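Okay, here's what each chain looks like letter by letter:
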Amino acid sequence: SFENGVWSVFSGGHAPVKTFKNSYGTLLITYYYDVKQFNQSFQIIKQVDAAVYQGDPYTSDALMDKDNIIWIATSAGLVRFDGETFDNALNWRIYNSSNSSLISNTINDVKIDKSNNKWIATNGGLSKFDDMYFTNYTIANSSIPSATVYCLKFDNLENIWLGTLSGAAKFN
């Protein structure tokens, strides 16, 4: 926090990946191996270890959609958290290649378009999730130059630019 010109430093262990203030007034910080919820005095209220997501995953990205749902990109799949209650298992859901048609469990990046679709860069290609179904784009069914998609970005025309193992590509 920054108060009266003096910084207060709070150690969270691992380096933070993303920070959110949700509609419930709490601060959420995703770290490399866990997620922490803080009150307005920056005291940890709850902490969820990444093992909750299955296995020992790391977090590569996180973002909040227009419905205040937090999406966490991990090495074990895409994690959905409603942003409210940490200790209710119903508020957490993981999508992976075992329980959904997500193309790969290793997620490198995730972005949300204007229609609230989640675009997921994986080690198996690009997946689009509309909150019901996954649509997968691979080297077998599209012109993506590589199965490994590291990052993605939307331009002003809503084209998706991909950073892949074989170079940059525009997807429209």
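One can find the structure itself at the top, above this paragraph.
So, a few notes on the structure that sits alongside this text. (Residues numbered from 1 in each chain as written. Predicted model: local features only at pLDDT ≥ 70, side-chain atom pairs only at ≥ 80, totals over all residues. Heavy atoms only, no water.)

**Remarks on the overall build of the protein chain**
The secondary structure content of the protein chain amounts to 0 helices and 17 strands. The buried share of the protein chain, taken over its 172 residues, is 45%. When contacts within the protein chain are restricted to residue pairs at least 6 apart in sequence, long-range pairs at least 24 apart make up 35% of them. As presented, the protein chain carries roughly 9,000 Å² of accessible surface, and 50% of it is formed by carbon and sulfur atoms. (Helix = DSSP H or I, 4+ residues; strand = E, 2+ residues; numbered from the N terminus. Buried < 20%, exposed > 50% of the residue type's maximum accessible area, 1.4 Å probe, protein only. Contact = heavy atoms within 4.5 Å. Areas by Shrake-Rupley, 256 points an atom, 1.4 Å probe, with all protein chains shown as cover.)

**Observations concerning the sheet that holds strand E8 (residues 70-74)**
Spatially, the 4 strands line up as an open sheet ordered E7-E8-E9-E10, and their pairing is antiparallel. Both edges of this open sheet fall to strand E7 (59-64) and strand E10 (92-95), since each of them pairs with a single strand only. In this sheet, adjacent strand axes meet at a mean angle of 20° when their direction is disregarded. Where strand E9 (residues 77-81) lies against E10, 4 bridges are found, and the strand directions are antiparallel. By the bridge assignment, phenylalanine 81 is partnered in E10 with tryptophan 92. (Pairing = 2+ DSSP bridges. Axes fitted to C-alpha atoms, helices over the stretch in contact; angles between N-to-C directions.)

**Describing the sheet that holds strand E15 (residues 149-154)**
The sheet built from 3 strands is open, its strands ordered E15-E16-E17 with antiparallel pairing. In this open sheet, the two edge strands, each paired with only one partner strand, are E15 and strand E17 (167-171). On average, each strand axis in the sheet is inclined to that of its neighbour by 20°, with strand direction left out of account.

None of this, on its own, says anything about what the molecule does.
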